[in-house]
Amino acid sequence: SAFGGLPSAKQRSKQGLGTVVFCSHNMKNDMLATLIMLKKIPVFKDKEFVLPMNSMLYKAYWPGEKLMGVTFIPVHSPEVRRKHAIAKKNPTLQELSIMDRITVPKDDVLDVEASLQKYLAASKQALEHGGVVLVAAQAQGNMDKIDLTHQRKAFSKFRNYMDANFP
């Protein structure tokens, strides 16, 4: 409920300002659940949305981008990087589930920084046009224990990028 919470966000959106929603990320579908809840609010319904999507889930959800009027940016979480390393090391993939075998990105190198930069650039563009950006702070569930100042964490990278790009 920072900065007045939802009532303030709705008022600011009516004025054409962008909205950033910080989410705790406990489960694989909670970013989508947040998106769906926000899309039900009339002032946000037709806004441009940008949200990070675990790159393993991206393969399943990207067809819905146009239908929902959103932009999913695939990002490589620690879980994705761990499973990717297993897949590269062991071609038989015995340690991975059948679903993992389908969804783990096949890229030789997972470029974490490149995917983050795409997400930040898309977020900036959406905010400039009064859109809505979802941020999964550190992509972990317990908001009370998140170090929001650590330079390598999602929230601080997002904040620093926006500070540098919005005068």
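Because the structure is a prediction, the values reported are computed rather than measured.

1. Describing the environment of Leu-116
- Looking at where Leu-116 falls in the secondary structure, it is placed in helix H7 (residues 112–128).
- When its relative accessible area of 16% is taken as the criterion, Leu-116 is described as buried.
- With 43 residues separating them in the primary sequence, Leu-116 and Ile-73 have C-alpha atoms 8.5 Å apart.

2. Remarks on the nonpolar core
- Counting 19 residues, the largest nonpolar core has Leu-38, Phe-44, Phe-49 and Leu-134 as its most contacted members.
- Among the secondary structure elements, those contributing two or more residues to this core are strand S1 (19–23), helix H2 (30–39), strand S2 (49–54), strand S3 (70–75) and strand S4 (132–136).
- Among the elements that take part in this core, H2 stands out by supplying 4 residues, more than any other.
- Leaving out residues up to four positions away in the same chain, Phe-44 has contacts with Leu-6, Ala-9, Lys-10, Ser-13, Thr-19, Leu-38, Lys-39, Phe-49 and Val-132.
- Judged by nonpolar contacts, the second largest core, of 13 residues, contains Ile-73, Tyr-119, Ala-126 and Tyr-161.

3. Notes on the sheet that holds S4
- Reading across the sheet, the 4 strands line up as S1-S4-S2-S3 and stay open at both edges, with parallel pairing between neighbours. The open sheet has two edge strands, S1 and S3, and neither has a second partner. With direction set aside, neighbouring strand axes in the sheet form an average angle of 25°.
- Alignment of S2 against S3, held across 6 bridges, turns out to be parallel. Residue pairing for S3: Asn-54 is matched across the bridge by Val-75.

4. A closer look at the pattern of salt bridges
- In total, this model carries 2 salt bridges according to the counting rule given.
- Residues Asp-100 and Lys-83 are paired through a salt bridge, measuring 3.1 Å at the closest nitrogen-oxygen approach. Of this pair, Asp-100 sits in helix H6 (residues 98–103) while Lys-83 sits in helix H5 (residues 78–89), and the two are 17 residues apart along the sequence. Just as Asp-100 is buried, Lys-83 falls in that class too.

5. Some remarks on the pairing of S4
- When you tally the buried positions in S4, you get 5 out of 5 residues, the bulk of the element.
- In S4, alternate side chains face the same way, and those of Val-132, Leu-134 and Ala-136 on one face and Val-133 and Val-135 on the other are all buried.
- The sheet contact formed by S2 and S4 spans 2 bridges and is parallel. Opposite Phe-49, over in S4, you have Val-132 as the bridge partner.

Rules used in this analysis
- Residues numbered from 1 in each chain as written.
- Predicted model: local features only at pLDDT ≥ 70, side-chain atom pairs only at ≥ 80, totals over all residues.
- Heavy atoms only, no water.
- Helix = DSSP H or I, 4+ residues; strand = E, 2+ residues; numbered from the N terminus.
- Buried < 20%, exposed > 50% of the residue type's maximum accessible area, 1.4 Å probe, protein only.
- Core = buried A, V, L, I, M, F, W, Y, C linked by side-chain atoms within 4.5 Å.
- Contact = heavy atoms within 4.5 Å.
- Pairing = 2+ DSSP bridges.
- Axes fitted to C-alpha atoms, helices over the stretch in contact; angles between N-to-C directions.
- Salt bridge = Lys/Arg side-chain N within 4 Å of Asp/Glu carboxyl O.

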